[in-house]
Amino acid sequence: MAGSAASGVAGGVRPARGGKIAAAAVNQASVWNVANLLTMLRLVLVPAFVALMLAEGGYDPAWRSLAWAAFAIAMITDLFDGHLARTYNLVTDFGKIADPIADKAIMGAALICLSALGDLPWWVTAVILGREVGITLMRFLVIRYGVIPASRGGKLKTLTQGVAVGMYVLALTGWLATLRFWVMAAAVVLTVVTGLDYVRQAIVLRRRGIAERKAALEETEG
């Protein structure tokens, strides 16, 4: 019987149902890796941050400090989850979708809360969120032609935005309040400049992709 079962597998006979269930379980378990868990933590921190930020009317320094702690943890996990996924081959479909959503969610929640409380002009929130959503949609539109890699300017933009928003979340006064204004100004400039650079890259990528497809079609027809 053992020899018959072994020969059946070798000969291409369908494996036992239990084997299918075990394989499916392994594939499903792979979603629960450390990189995805950090992404999930960041998603959970979004409503927690909003609740802390708006507690006691949104102007209590103690609650704002706790909100800053939640925001800081979210930003730190953002630095590590993608790196871990790429380094240890933990990239999953869930991570590809959830990671950018988590990034935009925590930053968007912070900006909207700050503007709603009157700490940050609405136009700043509109510029930053408009850029983030626009570039994300643009990347999806040109993905058929290739992937636009994250640039050093984009990474610097993300870091500057995180520092600036974090400083606004804290109830700072004096020269620190002045400093945060200039850090936010730098973040807005980087947001616009890197956004325009991504648009340029998308146009070049699309033109190159169309030209390559056209050349391949002409070669096939020839």
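None of the values given here were measured: they were computed from a predicted structure.

Observations concerning the pattern of salt bridges
Move 1: The full count for this structure, using the stated rule, is five salt bridges.
Move 2: The partner of Arg42 in a salt bridge is Asp103, and the shortest N-O contact between them spans 2.6 Å. Of this pair, Arg42 sits in helix α3 (residues 34–54) while Asp103 sits in helix α5 (residues 93–116), and the two are 61 residues apart along the sequence. By the burial criterion, Arg42 is buried, and Asp103 matches it.
Move 3: Residues Glu132 and Lys157 are paired through a salt bridge, measuring 2.9 Å at the closest nitrogen-oxygen approach. Highlighted residues: Glu132 in helix α6 (residues 122–142) and Lys157 in helix α7 (residues 152–169), separated in sequence by 25 residues. A single burial state applies to Glu132 and to Lys157, both of which are buried.
Move 4: Each member of the salt-bridge network shares a partner with another, and the members are Arg131, Glu132 and Lys157.

Looking at the layout of surface pockets
Move 1: Each pocket or cavity is described by its volume, and for the largest pocket that value is around 1,600 Å³.
Move 2: Listing elements by their share of the lining of the largest pocket, those giving two or more residues are α3, α4 (61–87), α5, α6 and α7.
Move 3: Forming the boundary of the second largest pocket are 14 residues, of which Met75, Ile76, Leu159, Gly162 and Val163 lie nearest the centre.
Move 4: Looking at the lining of the second largest pocket, the elements with two or more residues in it are α4 and α7.

Some remarks on the nonpolar core
Inside soluble globular proteins, nonpolar side chains tend to come together where they are buried.
Move 1: Core analysis: the biggest nonpolar cluster contains 30 residues, and Phe49, Met53, Phe71, Val165 and Met184 have the highest contact counts within it.
Move 2: Elements with a minimum of two residues in this core: α3, α4, α5, α6, α7 and α8 (175–221).
Move 3: Tallying contributions element by element places α5 first for this core, with seven residues.
Move 4: The contact partners of Met184, leaving out residues within four places of it in the chain, are Leu120, Val124, Ile128, Ala164, Val165 and Tyr168.
Move 5: Core analysis: the next-biggest nonpolar cluster, separate from the first, contains eight residues, Ile135, Val142, Tyr145 and Tyr198 among them.

Details of unusual backbone geometry
Move 1: One non-glycine residue, Glu56, adopts positive backbone phi at about 55°.
Move 2: Within the secondary structure, Glu56 is located in the loop between α3 and α4.
Move 3: Of the residues examined, Glu56 reaches a relative accessible area of 63% and is grouped as exposed.

Digging into a nonpolar patch on the surface
Move 1: A contiguous nonpolar surface patch, about 340 Å² in accessible area, is contributed by Leu43, Phe94, Ile97 and Ile101.
Move 2: Considering each element in turn, the nonpolar patch owes the most residues, three residues, to α5.
Move 3: Take Ile97: it is sitting in helix α5.
Move 4: When its relative accessible area of 55% is taken as the criterion, Ile97 is described as exposed.

Considering a positive patch on the surface
Move 1: A contiguous patch of positive charge on the surface is contributed by Arg144, Arg206, Arg207 and Arg213.
Move 2: Within the secondary structure, Arg213 is located in helix α8.

What to know about the packing of aromatic side chains
Move 1: Within the structure shown, the criterion is met by two aromatic pairs.
Move 2: Between Phe49 and Phe71, the ring centres sit 6.0 Å apart and the planes meet at 45°, which makes this aromatic pair tilted. Remark: Phe71 occurs in helix α4 and Phe49 occurs in helix α3; sequence separation between them is 22 residues. The exposure classification of Phe49 matches that of Phe71, with both residues buried.
Move 3: A ring pair is formed by Phe181 and Trp182, whose centres lie 5.1 Å apart and whose planes are at 80°; its orientation type is edge-to-face.
Move 4: The aromatic ring of Tyr198 is capped on one face by Arg139, whose charged end is 4.9 Å from the ring centroid.
Move 5: In this structure, Arg180 packs its charged tip against the face of Tyr168, placed 4.5 Å from the ring centre.

Reading the values: the criteria
Residues numbered from 1 in each chain as written. Predicted model: local features only at pLDDT ≥ 70, side-chain atom pairs only at ≥ 80, totals over all residues. Heavy atoms only, no water. Salt bridge = Lys/Arg side-chain N within 4 Å of Asp/Glu carboxyl O. Helix = DSSP H or I, 4+ residues; strand = E, 2+ residues; numbered from the N terminus. Buried < 20%, exposed > 50% of the residue type's maximum accessible area, 1.4 Å probe, protein only. 1 Å grid on protein atoms, 1.4 Å probe; cavity = no way out; pocket = protein on both sides within 12 Å on 5 of 7 lines; lining within 4 Å. Points joined across faces, edges and corners; volume = space filled by probe spheres on them. Core = buried A, V, L, I, M, F, W, Y, C linked by side-chain atoms within 4.5 Å. Contact = heavy atoms within 4.5 Å. Patch = residues over 30% accessible without salt bridge, like charges linked within 9 Å, V, L, I, M, F, W, Y side chains within 5 Å. Areas by Shrake-Rupley, 256 points an atom, 1.4 Å probe, with all protein chains shown as cover. Lys, Arg positive; Asp, Glu negative; His and termini not counted. Charge placed at Lys NZ, Arg CZ, Asp CG, Glu CD. Phe/Tyr/Trp six-rings, centres within 6.5 Å; stacked < 30°, edge-to-face > 60°. Lys NZ or Arg CZ within 6 Å of the ring centre and 35° of its normal.

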